[in-house]
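The lines below spell out each chain.
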Amino acid sequence: MSAPKVVLVAGASSGIGQAAAEMLAERGHTVFGTSRDPARVKGKGVTPVRLELGDDVSAHRCVSEVADRAGHIDAMVYSAGYFVAGAVEETPAALALAQLEAYLVGAHRLVRAVLPIMRDVGEGRLILMSSSAAVAPIPFHAVYSASKAALEHYAEALRYEVEPLGIDVSCVQGTGVRTAAAANARLTEPVIGAYEPNRTRVIDRFIRDQNEGPSPDTIAAAIVRAVETYRPRARYRVGMTAKTLPLLRGLLPSTVFRRLLARSFGYRA
């Protein structure tokens, strides 16, 4: 194991963020976990910090508080947000923007706040929670899939900029795991009947995968590896599905790949 690090985990009150924060703390790292309501951060050994992801001032205040208390920040993990589900036609622009705010702009705010601290010491880790939806967009989850794809491209471009400064950027891709994501989902409305029954069938399958999936510990373990390893990878794909989807997309004709993916979610043309 590497020397203990100071790690800021955004979204540590539930799901993957909570699992990662607790696992990092158990391994001896100094962990600060964020939430809009710090009282919800209950992981053993995790110090709660208030963060409102939609507010620049809050992001800078959060990072400054952690740096003041710990002296520096070695790694930042972004695992916050929620998903939007529904047909594109049902999705108002405000909700689409809110989805991008949750996964892309929120991450951007925290990255901008923490980069000066990492630049000053010439090292750091930025670990962003992505999804296999960035590789294989999911029917009736268009703005969710787009936001994760945007985050992946953001991370790739950022990597060019900060590698010479000693800062590493990693994305972690996974599929459905058992978290509170389904309970926090934002479903579009009003529902347009023309998209049924596929709309309900696909969304129900996606939510079931969240409710009945494996523990978030497997993804948390990948985040721990990205924090601790000497040379972190640009991308960590967790689980067989996450590892095989990019290969299938590269090997299969697009019509065949789309058909297989759609069927996996219960979609019927």
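Source: prediction; values computed, not measured.

Caption draft 1: Main features of the overall build of the protein. Helix and strand content of the protein: eight helices and nine strands. Taking 18 Å as the expected radius of gyration for a compact globule of 269 residues, we find that the protein reaches 18 Å, a close match to that expectation. For the C-alpha atoms alone, the extent of the protein along its principal axes is close to 55 × 40 × 30 Å. Sequence-distant contacts, at least 24 apart, represent 73% of the contacts inside the protein between residues at least 6 apart. Only carbon and sulfur atoms are counted for the fraction: they give 53% of the accessible area of the protein, which is about 12900 Å². For the protein, the separation between the mean place of its 32 positive charges and that of its 26 negative charges on side chains is 6 Å.

Caption draft 2: Up close: the pairing of strand E2 (residues 30-35). Burial analysis of E2 places five of its six residues in the buried class, the great majority of the element. Strand direction decides the pairing type here: strand E1 (residues 6-10) and E2, joined by four bridges, are parallel. Paired with Val 6 across the strands is Thr 30, a residue of E2. The parallel pair E1 and E2 is bridged by helix H1 (residues 15-26), and the resulting crossover is right-handed. Bridge analysis of E2 against strand E3 (residues 46-50) gives five bridges, and the strand direction is parallel. By the bridge assignment for E3, Ser 35 is matched with Arg 50.

Caption draft 3: Here's a closer look at the pattern of salt bridges. For the structure on display, the rule yields nine salt bridges. Taking the shortest distance from any N to any O, the salt bridge between Arg 125 and Asp 168 comes out at 3.4 Å. Remark: Asp 168 occurs in strand E7 (residues 167-173) and Arg 125 occurs in strand E6 (residues 124-129); sequence separation between them is 43 residues.

Caption draft 4: A look at the environment of Ala 10. Looking at the element boundaries, Ala 10 is found in strand E1. In sequence terms Ala 10 and Leu 128 are 118 residues apart; their C-alpha atoms lie 9.8 Å from each other. Filtering out sequence-adjacent residues up to four positions away, Ala 10 remains in contact with Thr 34, Leu 51, Val 77, Tyr 78, Ser 79, Ala 80 and Leu 110.

Caption draft 5: Layout of the sheet that holds E3. If you trace the seven strands from one edge of the open sheet to the other, you get E3-E2-E1-E4-E6-E7-E9, paired in parallel fashion. Every other strand in the sheet has two partners, leaving E3 and strand E9 (235-237) as the edge strands with one partner each. The sheet shows a mean angle of 20° between the axes of neighbouring strands, direction not considered. Bridging between E7 and E9 involves three bridges; their strand directions are parallel. Along E9, the bridge assignment pairs Gln 173 with Arg 237. Packed onto the sheet, helix H3 (residues 93-121) meets E1, strand E4 (75-78), E6 and E7 and runs at close to 175° relative to E4.

Reading guide: rules and limits
Residues numbered from 1 in each chain as written. Predicted model: local features only at pLDDT ≥ 70, side-chain atom pairs only at ≥ 80, totals over all residues. Heavy atoms only, no water. Helix = DSSP H or I, 4+ residues; strand = E, 2+ residues; numbered from the N terminus. Rg over C-alpha atoms; globule rule 2.2 N^0.38 Å. Contact = heavy atoms within 4.5 Å. Areas by Shrake-Rupley, 256 points an atom, 1.4 Å probe, with all protein chains shown as cover. Lys, Arg positive; Asp, Glu negative; His and termini not counted. Charge placed at Lys NZ, Arg CZ, Asp CG, Glu CD. Buried < 20%, exposed > 50% of the residue type's maximum accessible area, 1.4 Å probe, protein only. Pairing = 2+ DSSP bridges. Right-handed = clockwise from strand over helix to strand, strands pointing away. Salt bridge = Lys/Arg side-chain N within 4 Å of Asp/Glu carboxyl O. Axes fitted to C-alpha atoms, helices over the stretch in contact; angles between N-to-C directions.

The quantities given are spatial measurements derived from coordinates; they are silent on function.
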